[in-house]
Amino acid sequence: MAFLGSAVRRLASARPPLSPLCRTSTRSYSSEPTTEKSVPYEKTLKQEDGVRSGPTKPLPRSADVVVIGGGSLGCQTIYHLAKMGMTNVVLLERDRLTAGTTWHTAGLLWQLRPSDVEVELLAHTRNVISKDLEEETGLHTGWIQNGGLFIASNKQRLDEYKRLMSLGKVYGIESHVLTPAETKDLYPLMNVDDLYGTLYVPKDGTMDPAGTCTTLSRAASARGATVIENCPVIGIQVRPDDLGVKRVKAVETPHGTIETPCVVNCAGVWATKLGQMAGVRVPLIAMHHAYVVTERIEGIQNMPNVRDHDASVYLRLQGDALSVGGYEQNPIFWDEVSDKFAFSLFDLDWDVFMQHIEGAINRVPVLEQTGIKSTVCGPESFTADHKPLMGEAPEVRGFFLGCGFNSAGMMLGGGCGRELAHWIIHGRPEKDMYGYDIRRFHNSLTDNTRWIRERSHESYAKNYSVVFPFDEPLASRNMRKDPFYQVLMEQGCVFQERHGWERPGWFNREGPAPVKDYDYYGAYDIKKNVNYKYNDLLGKEYTFDFPPHHDVIKSECLSCRHGVAVFDMSYFGKFYLTGPDAKKAADWLFTADVNKKPGSTVYTCMLNKRGGAEADLTVSRLESGAANLPLAPESNGDAYYLAIGGGVAEHNWNHIRTVLQDQGFRCQLMDHSEDMGMISIQGPKSREVLQEVLDTDLSNEAFPFSTHKVVNAAGHQVRAMRLSFVGELGWELHIPKDSCLPVYQAVMAAGAKHGIINSGYRAIDSLSIEKGYRHWHADLRPDDTPLEAGLGFTCKLKSSIPFQGRDRLEKQKEEGLRRRIVSFTIDEKVPMFGLEAIFRNGVPVGHLRRADYGFFIDKTIGYGYIRNPDGGVVSADFVKSGEFTLERMGVTYKAKAHLKSPFDPENKRVKGIYV
C-alpha cells in the first residue's frame, strides 16, 4: 500500500523527470480503469460490458434544439429548456451520460466567489440539486451539505475572504471568519499552527455527478424532452439564408439526421472538434486534472471540504476518506484528444502531482500515514481566462456554446444551464453573462494557438491565487499594439491588456517596463524571466490597500483636472454604419436620437429586448459623399461613425450585426479599429494646446460640445470630436494610423509650456467615477436598464421613434424603479474596489459595482444599485431618508449617498466654464 507521505515521495524520486516534450505531446494511456485508477463514487453510469448497443431511443426527424453532450452542462441545459416550456428538444450523448469529463469530477460547490453573478449562478445550482430536483422527481441527487472551509495563511488571503463574506451578506449566505483556535475546534485533524484565519461557509457541499445527471435527465424527460445515449454526432449542417447569414440546419449521426435550427455544444474537451464541424472556433484546451482518494481516516467523517489556496490544494470529504487535488504550475496538456475516450482515466504523473501532497500533509498531518486507495486523473477543458464559453457563436446563427468550464461544470451547471436555456429561447440570458459570453474575446484571438495555450496555462496556474483588483496577465501579451505603443513604452507606460490590445494603465517615473514573452512561470524547463520590471510593478499592486504608486495616479488625475493631459484611447472600436436602411437601423439600435444634423455626436445606449444595456457608445452623424478612408466611408445617404470601448468591441460588433440580421436592415457595418489611432486631450488648458495644432476655431461657438469635424492637425487630416470621458474641457482626435505619431508629437510640443503629461486608464477610471460617468460591464450591464442606471437622458422616450427595448422602459417608467444606481462617498481614507456591501438603516440593500478614489474631491467613491427590502419603488426620498453604511472586509464605514455626481454636478467644466 502506498502512503501519501513516504511511499509517494520514494516513488517520485525514483522516476526521472519528464522532458517538456513529453509533457505536451501525445502519450499512450490505458482506457480501462483499474483498482489503482477509479473514481470514488458508489455508482457510475458506465455499461459494465462496455459494448455500445446503438441509440437508446429512436431519433426524431426534427427538433427545436439539439443539445450535444450528456455531462453536467448538457443535462442542466435540457432540463431548463424543458422547464421553460420547450419540449421538442433532444440531448445526444455519444456514450452514456457523464462519460466524458463529468463522471470523474470532484463535485465541490462553494457558494462564495469574487463575482456577484457567479454567486447567483452557484445559488441556483445549489437550489436545483438540493431541493428542486428532489421535489420534482422524488429522487435524491447525492447532494451532501457538509460545509466549506477556506484556509488563509496570510493577511492578504484573509482580506480576500472577508471581501467574500461582505458580499455574501447581500445574498444571505451564511459565513464566518474563524480564528485558528476556532478552526481547530471545527476540524480537529487540521494543523492550524501556520494559519492566519479561515472562512467557514456552513451550507457549502458536495455533488454526485451520476446522481445529479440521472435525475436531471429524468426530470427533463418527464417534461417531454428526449435524452438519447450511445449516439455520436458526426456532422453539423450549416446553410446560408437569403441574406447570406450562416445558420444551423441539421445534426448528422450514424443513425440518422435531425433537422434543427439550434445546436448547443456541451461537449467538454471535445467541444473544439464539434465546433469545427460547423466552422465555429471554440478556444479551449484540454489538460490532465487529478486528485487521489485516500483510505479510511478515523475522525474525518462530517468534516467540511477544505480549500487551502496558498498551498494550491483542496480536500474533499469522501465519506470516511478524503480526495486530495489542486492546481499546479506545470499541468500536462492533452493535445490529441481521442474520440474513444469514455469513462477513462490517465495514469497519474506523480512528478506533477507531488506538490499537492506536501500541501495536504501540512494541512492535515494524519495524511502522512494514510494509504492511497485510488488515483483519478482525467481530462478537463480550460480557457484563456478560466471562465466558461457560452452564448451564440459569432460565425453561425443557432450554434450555441456551453463548454470550457475549467473543472467547475458541476458547480456552475445549474445557473449556467438556466441562463443558456433563456439565451436560446429569448435571445439573451437573464443575468449579465458577458464574462462567459464567447463574444468577450476578439475574433483575432479565438483561433490563435499561442494565445489559447499560454493564457489557458496561466489561468490554470493562477486559479488559486488571490484575486487582486489590478492584476494583469503575463501570457500572450503584445498581440495588438497601436501606433503610440513604442513611444509611450519608452516614457514608462505600464500597459494593461484588454481584448488583445496593449492600452496605457499608468506611467512609471522610473523608466520603461516592457512586457516580456511568457515564461510559463518557469515550468516545462523554460527559463524564467529575470529582472522583470513589469512583473515587479504588478507584484507591488498585490494588495487590498492603496498601491505604492497611488501618488503617481493622483498626479495624472490632478494634472488633468488643473492643467492638461493626453490619453491614448486607440484601442477603441471604430465602426461605420452605412447603407439604404442606415437611418432606420440607427433609430432602432440606439436609445438616443442620433439623427441630428451631420457634425453632431451623441452619447447613447444600445439595448436588448428586455431593456437592458448591451452597450454605451458615441454615435457621430457624417456628411454623405465620397470615401476618405479611414476618416469617412463612401455614402450616398445616411452614415454614422460609432466609437466604442475597445474591451467590448467584439460584443458590440456582434450585437449590432445580430440586430441588423433579425430586423432585415440593408446596411453595411465596417470595422476600421486597426486603421486609426485615437488620443484624447483633456483639461482646462486643452483648448490652448490644441488651438496651436488644429487649423480650426475651437471656441464654444465654433466648436460646441458633442460635435465633430475633419480638420488638419500639423498637416495631417484627423477627425476631432469635442467629448470627454473624464468631465473636463477636451477633444478626441481620431487619426489615420500613419499620421498618429506626427500628430502626437505636435500635441506634446504645443503642450510643453502648459505642463502637458501622458495619463493612462487608471486615471480615467478615477476621473470618470468622480464625474459619475458609467463604465459598461461595471456600473452598466445587460441586466441594467438606462433608467435604473441614471441614463434616462439618453433615451428618446419623448419622441415617437421606436427603438429596441423601448416598451420595457416605458413600462418601467410607469411602474417606478425597483432598483437604481446610487453614488456613495466615505470620509475615511480607505480604498474600495467594488463588491462591498451596502446597508440602509442596517439592512443590506445591494453592493458596490465599482469603486475608486476621487483625487479632486479627495474621497473614496463607489457606485452600486440598491433595492427596497420591501420590494417597493426606490424613490429619491427612499435614498435621501436612509442612513447608509458600506462594509469593506467586515468593517463598516458610514457613507453619504448622492443622486448626482459630487463633482461638478452642474456640468460646467465640459462646457469650458471654469469659474
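Residues numbered from 1 in each chain as written. Predicted model: local features only at pLDDT ≥ 70, side-chain atom pairs only at ≥ 80, totals over all residues. Heavy atoms only, no water.

> Just checking my understanding: could you explain the pairing of strand β34 (residues 837-840) for this structure?
Regular strands place side chains that alternate from one sheet face to the opposite one. Neither face of β34 is open: one carries Ala-837 and Phe-839, the other Ile-838 and Arg-840, and all of them are buried. Pairing analysis gives four bridges linking β34 to strand β35 (residues 843-854), with the strands arranged antiparallel. Counted as the bridge partner of Ile-838 is Gly-846 from β35. Between β34 and β35, which pair antiparallel and follow one another directly, the connecting turn spans two residues, one of which, Asn-841, has a positive phi of 50°. (Buried < 20%, exposed > 50% of the residue type's maximum accessible area, 1.4 Å probe, protein only. Helix = DSSP H or I, 4+ residues; strand = E, 2+ residues; numbered from the N terminus. Pairing = 2+ DSSP bridges.)

> Sorry if this is basic, but what is going on with empty space enclosed by the protein here?
Evaluated as defined, the whole model comprises six cavities of 30 Å³ or more. Here the largest cavity defines a volume of roughly 330 Å³. In terms of lining residues, the largest cavity is bounded by 28 residues, among which His-289, Tyr-327, Asn-406, Ser-407 and Ala-408 are the most central. For the second largest cavity, the calculated volume is near 160 Å³. (1 Å grid on protein atoms, 1.4 Å probe; cavity = no way out; pocket = protein on both sides within 12 Å on 5 of 7 lines; lining within 4 Å. Points joined across faces, edges and corners; volume = space filled by probe spheres on them.)

> Help me understand the pattern of salt bridges in this model?
Where charged atoms from two side chains of opposite charge come close, those side chains can pair. In this structure the tally under the stated criterion is 55 salt bridges. Among the ionic pairs, Arg-450 bridges to Glu-454, the shortest N-O distance being 3.4 Å. With Arg-450 and Glu-454 both in helix α11 (residues 449-461) and four residues apart, the pair spans about one turn of that helix. Looking at Arg-450, the relative accessible area reads 37%, which means it is partly exposed. Relative accessible area serves as the criterion here: at 10%, Glu-454 is assigned to the buried category. With its nearest N and O atoms 2.7 Å apart, the salt bridge here joins Arg-819 to Asp-784. Placement of the pair is Arg-819 in strand β33 (residues 819-826) and Asp-784 in the loop between α19 (761-771) and α20 (806-815), with a sequence separation of 35 residues. Judged by its relative accessible area of 0%, Asp-784 falls in the buried class. Salt bridges sharing partners connect three or more residues here, namely Lys-83, Lys-131, Asp-132, Glu-136 and Arg-223. (Salt bridge = Lys/Arg side-chain N within 4 Å of Asp/Glu carboxyl O.)

> Got a minute to help me understand the side chain of Thr-206 in this structure?
Here Thr-206 is to be found in strand β7 (residues 205-206). Here Asn-146 takes part through its side chain, which lies 3.1 Å from a polar atom of the side chain of Thr-206. Here Asn-305 takes part through its side chain, which lies 3.0 Å from a polar atom of the side chain of Thr-206. Residue contacts for Thr-206: discarding those within four places in its chain leaves Ala-106, Gly-107, Gly-142, Trp-143, Ile-144, Asn-146, Asn-305 and Arg-316. (Polar contact = N/O pair within 3.5 Å; in protein donor to acceptor, adjacent residues only side chain to side chain. Contact = heavy atoms within 4.5 Å.)

> What's the story with the sheet that holds strand β19 (residues 399-403) in this structure? I'm lost.
By definition, the strands of a sheet pair up through backbone hydrogen bonds, in either a parallel or an antiparallel sense. Taken together, six strands build an open sheet; the order of strands is β8-β2-β1-β12-β19-β18 and the sheet is mixed. The two strands at the open ends of the sheet, each matched to only one other strand, are β8 (226-228) and β18 (389-392). Across the sheet, the axes of successive neighbouring strands diverge by a mean angle of 20°, strand direction being ignored. Of the strand pairs in this sheet, β18 and β19 are connected by four bridges, and their pairing is antiparallel. If you follow Met-390 over to β19, its bridge partner there is Gly-402. Along the sheet, helix α3 (residues 72-83) contacts β1 (65-68), β2 (89-92), β8, β12 (263-265) and β19; its crossing angle with β2, the most-contacted strand, is approximately 170°. (Axes fitted to C-alpha atoms, helices over the stretch in contact; angles between N-to-C directions.)

> Teacher, can you tell me more about the layout of surface pockets here?
Gaps left between atoms show up when a probe the size of a water molecule is rolled over them. Here the second largest pocket is characterised by a volume of approximately 820 Å³. Every residue lining the second largest pocket is counted, 31 residues in all, and those nearest its centre are Asp-783, Glu-788, Arg-818, Arg-819 and Arg-867. At the level of elements, α4 (116-137), α20, β35 and β36 (859-867) are the ones that each hand at least two residues to the lining of the second largest pocket. It is β35 that provides the largest number of residues to the lining of the second largest pocket, a total of five residues. Split into classes, the residues belonging to the lining of the second largest pocket amount to seven nonpolar, nine polar and 15 charged. (Nonpolar A, V, L, I, M, F, W, Y, C, P; charged D, E, K, R; others polar.)

> Sorry if this is basic, but what is going on with the packing of α3 against helix α10 (residues 409-426) here?
In helix packing, the relevant descriptors are the interaxial angle and the interaxial distance, both defined with respect to the helix axes. Two elements in contact, α3 and α10, have axes separated by 8 Å at closest approach and are oriented at 45°. Put simply, α3 runs oblique to α10. In this structure, α3 meets α10 at a crossing whose hand is right-handed. Between α3, through Ser-72, Leu-73, Gln-76, Thr-77, His-80 and Leu-81, and α10, the contact on the second element is made entirely by Gly-409, Met-410, Gly-413, Gly-414, Cys-416, Gly-417, Arg-418, Leu-420, Ala-421, Ile-424 and Ile-425. Looking at the contact of α3 with α10, its residues break down into eight nonpolar, eight polar and one charged. (Parallel < 35°, antiparallel > 145°, perpendicular 65-115°, else oblique. Left-handed = near helix turned anticlockwise from the far one by under 90°.)

> Hey, could you run me through α4 in this one?
Each full turn of the α-helix corresponds to 3.6 residues, which orients residues three or four apart in the same direction. A rise of 1.5 Å per residue sets the reference length of α4, with its 22 residues, at 32 Å; its end C-alpha atoms lie 30 Å apart and thus fit the reference within 8%. A bend of about 45° at Val-128 is the largest found in α4. Of the residues trailing α4, Gly-138 is marked for its positive phi of about 75°. (Expected span 1.5 Å × (residues − 1). Bend = angle between axes of the 7 residues up to and from the residue.)

> Help me out: how do you make sense of the packing of α4 against α10 in this one?
Two numbers describe how α4 lies on α10: the axes approach to 7 Å, and their chain directions differ by 100°. The pairing of α4 with α10 is recorded here as roughly perpendicular in orientation. Each of Leu-121, Leu-122, His-124 and Thr-125 in α4 lies in contact with α10, whose residues at this interface are Met-410, Met-411, Leu-412, Gly-413, Gly-414, Gly-415, Cys-416, Arg-418 and Glu-419. Across the contact of α4 with α10, the residue classes tally to six nonpolar, five polar and two charged.

> Looking at this structure, I do not really get the side chain of His-734. What am I missing?
When you line up the elements, His-734 lands in strand β31 (residues 730-736). Side chain to side chain, His-734 and Glu-732 meet in a polar contact 2.9 Å long. Filtering out sequence-adjacent residues up to four positions away, His-734 remains in contact with Leu-631, Tyr-641, Ala-643, Met-676, Gly-677, Met-678, Val-718, Arg-719 and Met-721.

> In this structure, what is going on with the environment of Thr-707? I would like to understand it.
Among the secondary structure elements, Thr-707 is positioned in the loop between α17 (686-691) and β29 (708-713). As for Thr-707 and Arg-621, which are separated by 86 residues in sequence, their C-alpha atoms are 9.4 Å apart. Dropping the residues within four chain positions of it, Thr-707 is found in contact with Gly-599, Ser-600, Thr-601, Ala-720, Met-721 and Arg-722. One polar contact links the side chain of Thr-707 to the main-chain carbonyl oxygen of Pro-704, over a distance of 2.6 Å.

> Would you take a moment to explain the packing of aromatic side chains for this structure?
Geometry of an aromatic ring pair is reported as the spacing of the ring centres plus the angle between the planes. Applying the stated criterion across every chain, the model contains 34 aromatic pairs. Their ring planes at 85° and their centres at 5.9 Å tell us that Phe-703 and Trp-731 sit as a pair that is edge-to-face. In this pair, Phe-703 is assigned in the loop between α17 and β29 and Trp-731 in strand β31, connecting sequence segments 28 residues apart. Across the pair, Trp-731 and Phe-703 agree in class, each one buried. (Phe/Tyr/Trp six-rings, centres within 6.5 Å; stacked < 30°, edge-to-face > 60°.)

> Hey, could you run me through the environment of Ala-585 in this one?
Examined against the element boundaries, Ala-585 turns out to sit in helix α15 (residues 582-589). Relative accessible area serves as the criterion here: at 0%, Ala-585 is assigned to the buried category. Distance in space between the C-alpha atoms of Ala-585 and Cys-667 is 7.8 Å, their sequence separation being 82 residues. Those residues in contact with Ala-585 that lie beyond four places of it in its chain are Leu-577, Leu-660, Phe-665 and Cys-667.

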